[in-house]
Amino acid sequence: MSASQLTITQQAAALRSREVSAVELAGAALAHVEAHDSRLNAYLTVTADAARQQAAAADRRLREDGASASPLCGVPVAIKDVLCIDGVETTAGSKILKGFVPPYTATSVQRLLDAGAVVVGKTNCDEFAMGSSNENSAYGPAGNPWDVERVPGGSSGGSAAAVASGGVAYSLGSDTGGSIRQPAALCGVAGFKPTYGRVSRYGLIAFASSLDQVGPFAHSVRDCATVFATIGGHDPLDSTSEASPVEDPLASLDAGVRGMRFGVPKEYFGAGVEPGVRDRVEAAMRVIESLGGSLEEVSLPSTDVALSTYYIIAPAECSSNLARMDGVRFGHRVDASSLTDMYLRTRDEGFGPEVKRRIMLGNYALSSGYYDAYYKKAQQVRTLVAREFESVFTKVDALVCPTSPIVAFRRGERSDPLAMYACDTMTIPVNLAGLPGISVPCGFVDSLPVGLQFIAPRLEDAKLLRVAYAYEQATEWHEMHAPMVEATA
Amino acid sequence: MIQVEEQLDAVLARYQAVIGLEVHAQLLTRSKMFCACSAGYHDAPPNSHTCPVCLALPGVLPVINRQAVEYTILTALALDCEIPEFSKFDRKNYFYPDLPKGYQISQFDLPLSLNGHLDVLVGDEVVRAGITRVHLEEDTGTMHHAGDVLQSATSSVVNLNRCGVPLMEIVGEPDLHTPEQAREYLQRLRQVLVYIGVNDGNLERGSFRCDANVSLQQPGALGFGTKVEVKNMNSFRAVQKALESEILRQADMLDRGERIVQETRGWVEAHGTTISQRSKEGASDYKYFPEPDLPPMHITRDMVERIRAELPELPEAKRRRFETQYGLSAYEASVVTQTQDDAGTFETLASGVDAKIAVNWFMGDVARLANITGVKLQDSGLGVKGLVALLKLVAAGTINGSIAKGLLDELYATGGDAVQLVQERGLGQVSDAGELGTILDEVIASNPNAVNDFRGGKEAALQSLMGQVMKATRGRADAKLVNTLLRERLG
Ligand SMILES: [Zn+2]
C-alpha cells in the first residue's frame, strides 16, 4: 500500500478501478504488521487467514456488483481487542481473558463484515480499556508511530497506532472517557466518539456501560463518517441503543460552517494545557473564523468536578461489569482448595494494578453507607454536567477545544495515576453527558501531533462531522504522515 | 402433634408472633428474563438451555422479556397493588458460581408495583395481609456438590439452565400472626397465581418458593422483636411446621432470658427443627445500583388498563358469586372454586342440573373417583357433558340415585352414552304404584317377621323390606315411592 492509498475513499476507488484487489490490500496490511509490529506492538492478534478469505470474498463481491458494494468492501480494518469476534481470541488487553474465544461477534464489527470489511486483527489496548497510555495492557504497551518510545495514548492506543502507522485505513476503538479521541490526538489521526447509544455496545466488553461507546479512527473525517454510517443505528440486542434513525452524515458533510457559532469552554484552557497545545488550538480557531464560523467564550463550571464524578461512576460500573471474570466459566483460573481462594487468586493473578485499583474504588463507592455520598452524588453531578452542556448548546452549535492537554509522552513518564487521569479532563465530560465528540489533527509540537476536539449536542453526530470536515479540509495536518508510513511508502 | 398445638397456643397467649412471607414465583414465560433461551429448564440436559447472555460471557447485554413484565403487572393487579409509572432494574452484586454475571438483575427502589393486599380466610375469619411490593428479577443457576455444602465439597458442578428464568418476588407485610395464617396465605397466593396463569404453583420443584421472617413480640413491647429468616420449606405443611418450631424455639429462648440472634435458619424436615445457616451480623452488602444496560421502564396507564382487562375472575370473587348465584355454602363454594378448571366444570354441571345436585355429585362421587383414578372429570371417559346427561336422568326420575352411581363408576373409566345404556339395560326407574304394589304385596307376604318387627316399632325393619323390593326390581324401584307405599300398607 502506498501513502496515496491511505484513506477508505482512496482504497475504495482503487478497488473499483481494478488498480488493486482486496487480496492485495489485505496482503499489504498484513505485510505492514509483519514489518512494524515487533516495534509498534499495535496488534494482540493477527487474523491473517480470515483476512485473506474475507478479502477474496470482497473481490468476488466487487467483481459481481462493485457499484452497489459498500465503500468498506475489501478495505482492511483493525479492531480493538475489547470487541468480540466469533472464533477470534478476545482478551481486552487482560491476562484474565487469555484464551477466551467468544462464540459471537459484536454488532459494530458484524456490520463492517456485512459490508465486506477485511479484519486484519485485534489491536492492543489498556486492560479492559482502563488507561490513557496503553501502558496498562497485560501484553506490553503499543508504541506511537511518530516516536515509538512514546505512548500512543489510550485506551484504544493500538487502534490509533494501527491507523497512524499507515497499516490500515481505519480501525474501531471504544471511548469511555476519551479512549478514542485522546489516542487519536496523540497519534495524529481522526478519532470519533458518536453520541452514546448511536453504535451498539453488543459484543463490546464493558468497562462502564453508561459511558462506553464504539467509534472509528481514520485518516479523514469523511472516512469516520463512512464508518459511522455503516456501524451506527439501533440494535435490538442493545437496549440502550438509540431507536431513532441515523441522519446520513455524508449527505451534509461538505455544507461548511459559515454562520455557525462555536463555543470555547474557558475551563478547557486551564493551567494543565501545555503552551504548545494551546497555540495550535488557538491557531485552529482562527481557521474556523476564516471559514465563516464565529467564536465565543462559554463556561462549563462543573468541569473540575466532572473528572472526580467520572472516577466514581466508571469504577462503580466496572467493579460490577468485571465480576463475571471469576474463573468459573472461561478465561484464566487458578485452582485452589476453596471457592473463595479460587476467586481471590484467579482475580489477583488475572487483573493488573489499574484494574484492581478501579474495582476497589468502585466497590467502595457503592458500599452501604457510602452510596449516597459517592455514587448518588456523582449521578447528581453527572446530571448537572449534562445540563451545563445543554444550556451552552442553546447559544452555540458546537464546542471547540483541545482534545488532550499534552502531546504524546514517553513510556513510564507518568506513573502517578492522578496525573494520568488528568489527561482526560477535556474528554470525560463529553462521555458523562453522552455527547458526540471528535478529535482531528491540528498541528505539531516538537514533531508530535496535537488534537483539536469538536463537541456537538446529543444525536447531532452529522453536524459534528460536518464541522470537523470543514476544518480538516481547510488544513493539511491530516495529510502529514508518521515516519512509519513514509518508511513503507 | 397435639402436644405441639397445645404448646403453640400457650406461647401465642404470651407472645405475639409476627410473620412476614417472601414468595419467589417463576413466571410461565416461554423464554428467559433477558435472553431468548427457553425458560422450561426442568428435565433438560445440564447447561443445554444457555446462551452467551445467560452464561454471562464478556460483552453481551440483557434485553427485557416484555411478557415477564406484563405477568408481574397482572399479578400486582390481582393483589390490588399500585403500579408506578416508572420502574427500573438494579444490580444486586455478589459472587457465587450459580450467578455467572456476579450480580443478579433485580429491582431495588423502583419496583414494578407497591402496596397491595390479599384477603385470606382463616377458619371463619378474614385476615387482610398487606403486600409490600411485587418485583421482577432473574433466577440463579443450580449447583450440585460432591459433599454436603459448597464449603466442604471436594468438587462442585454448576447447571445454568435455571439461570435467568424470570422470577417474581412477592414481599408480604408482617401482618400474619400464626403458622396457620401463614399457610393459608401461601395457599391463597398460590391459587391466585395459578388462576391468572403466571405460575405453575409447584413447591416441590421450586417454581413457587417461600421464605419467612419470624419474630416474637413481648406483651407491651414497642416495635418488633429480633427477626429470624426461615428458609428451605418446600411444602405448605413444611411452612406451618417450620414456623411452629421456630416460634417455640424463640419463645423458649425468651422465656430463659436469652437474646434472639438475627440470622437465617434452614428448616430440616427430617429433624423437625430449624438450624442456623448464617448470621446476619456479618450481612452481605449487595451494593445495589441502577442497571446501566437497561433503560428505565415507563409503564403507561394504557398498558396497565390493557393488562387489567386480561384479569380473570379471581378465586375470592368467584367464591362469593357461587354462594349467591348457586346458593352454595361458603365451604362448598371454596371447594368448587379451588381451581379455574374445577369452577368451570361446576358451572357447566350447574347449567344442566340443579346447582345443589351438581355440587353434591361434584364434591361427592366425582371427587372420590377423581381421587382414586387420578383422572379429573373433564379428562375421564364420561366427561363433563356426560355427567350432565347422567344427572339429568336422575333429575327427571328416569333412573334412581344408586343406579346413577353405578353408571358413573362405569362410564368414568370406559365412557359411553348414559341415556342409551339405561335404555339398553332396562335400568329405568320403576315408579308405577300399580306395578310396585304387586311386588310389595309379595314381599310383605313372604317376610312376616320383619313386618311384625316394624309394627312393633323397629324402624330398621322397614329398611330390610325395602331392600327386598330393590332386589326384586334389580335396584330400579323409586326408593321414595317404595317407602311411602310400604308405610301405607303396614300402617
Ligand atoms: Zn440464555
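Enquirer: I'd like a rundown of the overall build of chain A, residues and numbers included.
Expert: Counting its secondary structure elements, chain A contains 16 helices and eleven strands. Taking 489 residues into account, the globule formula puts the C-alpha radius of gyration at 23 Å, and chain A, at 21 Å, falls close to it. With the C-alpha coordinates aligned to their principal axes, the bounding extent of chain A is approximately 65 × 55 × 45 Å. Within chain A, the proportion of its 489 residues that are buried is 64%. Of all intrachain contacts in chain A linking residues separated by at least 6 positions in sequence, the fraction that spans at least 24 positions is 76%. Accessible surface computed for chain A: about 16,100 Å², of which carbon and sulfur atoms make up 51%. Charge-centre separation for chain A: the mean point of 43 positive side chains lies 3 Å from the mean point of 55 negative side chains.

Enquirer: For the side chain of A:Arg111, give the residues involved together with the corresponding values.
Expert: Positionally, A:Arg111 belongs in helix α4 (residues 107–114). Contact partners of A:Arg111, with chain neighbours within four places excluded, come to A:Thr230, A:Ile231, A:Gly232, A:Gly233, A:His234 and A:Asp235.

Enquirer: How would you explain the domain arrangement of chain B if you had to name every residue and give the values?
Expert: Residue and element names in this part refer to chain B. Split by domain assignment, chain B resolves into domain 1 (2–307), domain 2 (315–425) and domain 3 (433–490). Relative placement of domain 2 and domain 3: their C-alpha centres are 31 Å apart. In this assembly, four residues from domain 2 lie in contact with five residues from domain 3. Between domain 2 and domain 3, the buried area comes to about 230 Å², and carbon and sulfur atoms account for 35% of it. On the domain 2 side of the contact with domain 3, Asn400, Ile403 and Arg425 bury the most area, a combined 95% of that side's loss. The tally of links from domain 2 across to domain 3 stands at zero salt bridges.

Enquirer: Which residues make up the packing of aromatic side chains, and what values go with them?
Expert: What characterises a pair of aromatic rings is the spacing of the ring centres plus the angle enclosed by the ring planes. Counted according to the given criterion, the structure contains 25 aromatic pairs over all chains. Arranged with centres 6.2 Å apart and planes meeting at 65°, the rings of A:Phe262 and A:Phe454 form a pair that is edge-to-face. Taken together, the residues A:Phe262 in strand β7 (residues 261–265) and A:Phe454 in strand β11 (residues 448–455) connect sequence positions 192 residues apart. Owing to a relative accessible area of 1%, A:Phe262 belongs among the buried residues under this scheme. Seen from their ring centres, B:Tyr286 and B:Tyr288 are 6.3 Å apart, and the 75° between their planes marks the pair as edge-to-face. On the accessibility criterion, B:Tyr286 (23% relative accessible area) is partly exposed. Members of the aromatic cluster, joined through ring pairs, are B:Tyr94, B:Phe108, B:Tyr286 and B:Tyr288. Positioned over the ring face of A:Phe409 is A:Arg414, at 5.6 Å from the centre of the ring. It is B:Lys92 that lies over the ring of B:Tyr286; its NZ or CZ is 4.3 Å from the centre.

Enquirer: Would you mind going over unusual backbone geometry in detail, with residue names and values included?
Expert: The phi angle of most residues is negative, glycine excepted, and most peptide bonds adopt the trans form. A cis amide bond links A:Gly154 with the next residue in sequence, A:Ser155, at an omega value of 5°. Although it is not a glycine, B:Asn47 sits at a positive phi angle of roughly 60°. Mapping B:Asn47 onto the fold places it in the loop between β1 (16–26) and α2 (66–78). By relative accessible area, B:Asn47 is classed as partly exposed at 32%. Not every positive phi belongs to a glycine, and B:Lys287 is a case in point at roughly 45°.

Enquirer: Just give me the short version of the packing of helix α15 (residues 460–472) of chain B against helix α16 (residues 479–490) of chain B, but keep the residues and values in it.
Expert: All names here are of chain B. The N-to-C vectors of α15 and α16 enclose an angle of 125°; their axes lie 10 Å apart at closest approach. Classed by the angle they form, the pair α15 and α16 counts as oblique. Viewed along their axes, α15 and α16 form a crossing whose handedness is right-handed. Of the residues in α16, those touching α15 at Leu462, Leu465, Met466, Val469 and Met470 are Ala479, Val482, Asn483, Leu486, Arg487 and Leu490. Split by residue class, the contact of α15 with α16 holds nine nonpolar, one polar and one charged.

Enquirer: Describe in detail the sheet that holds strand β4 (residues 103–106) of chain B, supporting the description with residues and values.
Expert: Residues and elements named next belong to chain B. In space, the three strands of this open sheet follow the order β4-β3-β14, with antiparallel pairing throughout. In this open sheet, the two strands that pair with only one neighbour each are β4 and β14 (289–290). Inspection of the sheet shows strand β3 (residues 90–93) paired to β14 by two bridges, in the antiparallel sense. Its bridge partner being in β14, Asp90 is matched across the sheet by Pro290.

Enquirer: I'd like a rundown of the interface of chain B and chain A, residues and numbers included.
Expert: With 30 residues of chain B at the interface, the matching set in chain A holds 38 residues. Between chain B and chain A lies a buried interface of about 2,700 Å² when both sides are counted; carbon and sulfur atoms form 61% of it. In terms of surface lost to chain A, no three residues of chain B exceed B:Pro58, B:Leu61 and B:Phe95, which account for 23% of the buried area on that side. Counting the contacts that link chain B with chain A gives one salt bridge. Among the salt bridges present, the one from B:Asp293 reaches A:Arg201, with a minimum N-O distance of 3.0 Å.

Thresholds, definitions, all that
Residues numbered from 1 in each chain as written. Chains lettered and ligands numbered in written order. Predicted model: local features only at pLDDT ≥ 70, side-chain atom pairs only at ≥ 80, totals over all residues. Heavy atoms only, no water. Helix = DSSP H or I, 4+ residues; strand = E, 2+ residues; numbered from the N terminus. Rg over C-alpha atoms; globule rule 2.2 N^0.38 Å. Buried < 20%, exposed > 50% of the residue type's maximum accessible area, 1.4 Å probe, protein only. Contact = heavy atoms within 4.5 Å. Areas by Shrake-Rupley, 256 points an atom, 1.4 Å probe, with all protein chains shown as cover. Lys, Arg positive; Asp, Glu negative; His and termini not counted. Charge placed at Lys NZ, Arg CZ, Asp CG, Glu CD. Domains from an automatic or database assignment. Buried area = accessible area lost by both parts, 1.4 Å probe. Salt bridge = Lys/Arg side-chain N within 4 Å of Asp/Glu carboxyl O. Phe/Tyr/Trp six-rings, centres within 6.5 Å; stacked < 30°, edge-to-face > 60°. Lys NZ or Arg CZ within 6 Å of the ring centre and 35° of its normal. Axes fitted to C-alpha atoms, helices over the stretch in contact; angles between N-to-C directions. Parallel < 35°, antiparallel > 145°, perpendicular 65-115°, else oblique. Left-handed = near helix turned anticlockwise from the far one by under 90°. Nonpolar A, V, L, I, M, F, W, Y, C, P; charged D, E, K, R; others polar. Pairing = 2+ DSSP bridges.

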